[in-house]
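A structural walkthrough
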Amino acid sequence: MTDRTAPLLEVRDLSVSVARDGTPTRILRGVSYRIYPGETLAIVGESGSGKTIGALSVVRLLPPGAKIDSGSVLYKGKDLAALPEEELRGVRGAGISMVFQEPMTSLNPVLTIGLQLAEPLMEHKGLSYSEALPACEKLLEKVGITDAGNRLAQYPHNFSGGMRQRVMIAMALACGPDLVIADEPTTALDVTVQAQILDLVDALKKESGLALALITHNLGIVAQRADYVLVFYAGRVVERGPAEHFFKSPSHPYSRALLNSLPKMSDNPGEPLKTIEGLPPSFDEDLPGCPFAPRCPEVFDKCRSAEPPEFRTGERRGSKCWRGEPGFKP
Ligand SMILES: Nc1ncnc2c1ncn2[C@@H]1O[C@H](COP(=O)(O)OP(=O)(O)OP(=O)(O)O)[C@@H](O)[C@H]1O
Ligand SMILES: [Mg+2]
């Protein structure tokens, strides 16, 4: 039985940089969070805020030029940030699997779907191709692909975009992982299939304690499915906490702006949608202060001179905003 009270993954103070024209640029700064078994953790934030780099750094699948500068990623008593590549390969796919943001580029066009789906089972479970096939067929059925037996002999180009995305999800689930990190996994799927896949993941969460780290721009899915939310801004986790708190009483002004930009039933038809004014800061300029200060409707002097640390706002809750500093008076 999985102990659901001990964290499955603990990311501590993770910083990552990418070399651009030879100069390292800090992309992630001091990212910390925990994921517990059976939990759905949603990772939200604007495009370019570091969600994908944050996910890839967990299993060290960073793009060329990117590297972990400091911090640790604890999983089953091991620090994945420091684990030899050889050992890490045993974790990827088997313990922690990924559904990548671009399913089209993640499948090999010259191999059959069957071979690609069987690969993790052959590598991690020691099965032969013919032994793995029945499991592959079941996996395809589980993600809602009909005629699964015949489909296994086909190639990625025979599948639609949404079907390829489902194959990626099936591959991620193949070895019964503890944690699936899914980067925008349902964007190419229609809402019915999307719900079916998320239901499947929910069932696995209950059954086996599977945990899901879900990167998404869809706050509707977050509201329905997430237990816990991380809000990324400019490579930092500016707010973290249980999903119900994030929606009912967000602590960080950026979280409030994000939620305010959602269309509401009560909005007047024809009125423009609310947007967050301004642009996120460039990673190249190292400005003092809070990275959200230039766009923040609640900014005050201190925000421009010193970057706020995380202030605890409750059980497993925190916000990097000076307004949360103990003793703060508006
Ligand atoms: N392969 C790469 N090489 C260099 N820089 C990169 C690379 N991938 C991402 N970056 C940079 O890292 C920063 C964070 O990017 P990341 O892809 O993590 O954002 P994201 O939050 O996932 O955005 P989106 O919502 O658009 O997927 C961006 O400034 C981006 O330009
Ligand atoms: Mg991304």
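This part covers the overall build of the chain. On a plain count of helices and strands, the chain comes out with twelve helices and twelve strands. Taken against the 2.2 N^0.38 rule, which gives 20 Å for 330 residues, the C-alpha radius of gyration of the chain at 21 Å falls within 12% of a compact globule. Classification of the 330 residues of the chain by burial places 48% in the buried group. Nonlocal contacts in the chain, meaning residues at least 24 apart in sequence, comprise 63% of its contacts between residues at least 6 apart. Summing over all exposed atoms, the chain offers an accessible surface of approximately 16000 Å²; the carbon and sulfur share of this is 54%. The chain carries 37 positive and 40 negative side-chain charges, and their two centres are separated by 4 Å.

Now for the sheet that holds strand 5 (residues 78–79). The four strands are arranged 2-1-4-5 in an open sheet whose pairing can be described as antiparallel. This sheet does not close on itself; its edge strands, each paired only once, are strand 2 (23–35) and strand 5.

In this section: the site of ligand 1. The local shell around ligand 1 holds 15 residues, among which Ser47, Gly48, Lys51, Thr52 and His217 are the closest. Ser47 is positioned with one of its side-chain polar atoms (N or O) 2.5 Å from an oxygen atom of ligand 1. In this structure, Thr52 approaches ligand 1 through a side-chain N or O atom, which is 2.8 Å from an oxygen atom. When contributions to the shell around ligand 1 are tallied by element, the ones reaching two or more residues are strand 1 (9–20) and helix 1 (51–58). By residue number, the principal contributor to the shell around ligand 1 is helix 1, which donates three residues. Residues that form the shell around ligand 1 fall into these classes: five nonpolar, seven polar and three charged.

Before going further, it helps to examine the pairing of strand 9 (residues 228–233). Burial analysis of strand 9 places six of its six residues in the buried class, the great majority of the element. In strand 9, alternate side chains face the same way, and those of Tyr228, Leu230 and Phe232 on one face and Val229, Val231 and Tyr233 on the other are all buried. Sheet topology places strand 3 (residues 40–44) next to strand 9; four bridges connect them, and they run parallel. Paired with Ile43 across the strands is Leu230, a residue of strand 9. Two strands pair when backbone bridges link them, and strand 9 and strand 10 (residues 236–242) are joined in this way by six bridges, in the antiparallel orientation. Bridging across to strand 10, Val229 finds its partner in Gly241. What sits between the antiparallel neighbours strand 9 and strand 10 is a turn of two residues, in which Ala234 has the positive phi angle 50 degrees.

All chains considered together, the criterion is met by three cavities of 30 Å³ or more. Of the pockets and cavities examined, the largest cavity occupies roughly 100 Å³. Taken together, the residues that form the lining of the largest cavity break down as 13 nonpolar, one polar and no charged. When residues of the lining of the largest cavity are sorted by domain, at least three fall in each of domain 1 (1–95 + 178–330) and domain 2 (104–174).

Let us look at the state of the cysteines. According to the stated counting rule, one finds zero disulfides in the structure shown. Cysteine Cys136 is unpaired, with the sulfur of Cys175 as its nearest cysteine sulfur at 9.7 Å. Looking at Cys136, the relative accessible area reads 0%, which means it is buried. Free cysteine: Cys296, not disulfide-bonded; nearest cysteine sulfur from Cys321 at 6.3 Å. Taking the relative accessible area as the measure of exposure, Cys296 reaches 13% and is therefore buried.

If you walk across this open sheet you meet the eight strands as 6-7-8-3-9-10-12-11, and the pairing is mixed. Of all strands in the sheet, those with a lone pairing partner are strand 6 (96–99) and strand 11 (311–314), marking the two edges. Between one strand axis and the next, the sheet turns through 20 degrees on average, direction left out of account. In the sheet, strand 7 (residues 179–183) pairs with strand 8 (residues 211–215) via five bridges, with the strands oriented parallel. When the sheet's bridge partners are listed, Asp183 is paired in strand 8 with Ile215. Strands in contact with helix 11 (residues 253–260) are strand 3, strand 9 and strand 10; relative to strand 9, the strand with the most contacts, it is inclined by about 100 degrees.

The next point concerns the domain arrangement of the chain. Its domain assignment divides the chain into domain 1 (1–95 + 178–330) and domain 2 (104–174). Computed over C-alpha atoms, the centres of domain 1 and domain 2 are 29 Å apart. Contacts between the two partners involve 18 residues from domain 1, matched on the other side by eleven residues from domain 2. Counting across the domain 1 and domain 2 interface gives zero salt bridges. Counting across the domain 1 and domain 2 interface gives three residue pairs in polar contact (both at pLDDT 80 or more).

Rules used throughout
Residues numbered from 1 in each chain as written. Chains lettered and ligands numbered in written order. Predicted model: local features only at pLDDT ≥ 70, side-chain atom pairs only at ≥ 80, totals over all residues. Heavy atoms only, no water. Helix = DSSP H or I, 4+ residues; strand = E, 2+ residues; numbered from the N terminus. Rg over C-alpha atoms; globule rule 2.2 N^0.38 Å. Buried < 20%, exposed > 50% of the residue type's maximum accessible area, 1.4 Å probe, protein only. Contact = heavy atoms within 4.5 Å. Areas by Shrake-Rupley, 256 points an atom, 1.4 Å probe, with all protein chains shown as cover. Lys, Arg positive; Asp, Glu negative; His and termini not counted. Charge placed at Lys NZ, Arg CZ, Asp CG, Glu CD. Pairing = 2+ DSSP bridges. Near = heavy atom within 4 Å. Polar contact = N/O pair within 3.5 Å; in protein donor to acceptor, adjacent residues only side chain to side chain. Nonpolar A, V, L, I, M, F, W, Y, C, P; charged D, E, K, R; others polar. 1 Å grid on protein atoms, 1.4 Å probe; cavity = no way out; pocket = protein on both sides within 12 Å on 5 of 7 lines; lining within 4 Å. Points joined across faces, edges and corners; volume = space filled by probe spheres on them. Domains from an automatic or database assignment. Disulfide = S-S within 2.5 Å. Axes fitted to C-alpha atoms, helices over the stretch in contact; angles between N-to-C directions. Salt bridge = Lys/Arg side-chain N within 4 Å of Asp/Glu carboxyl O.

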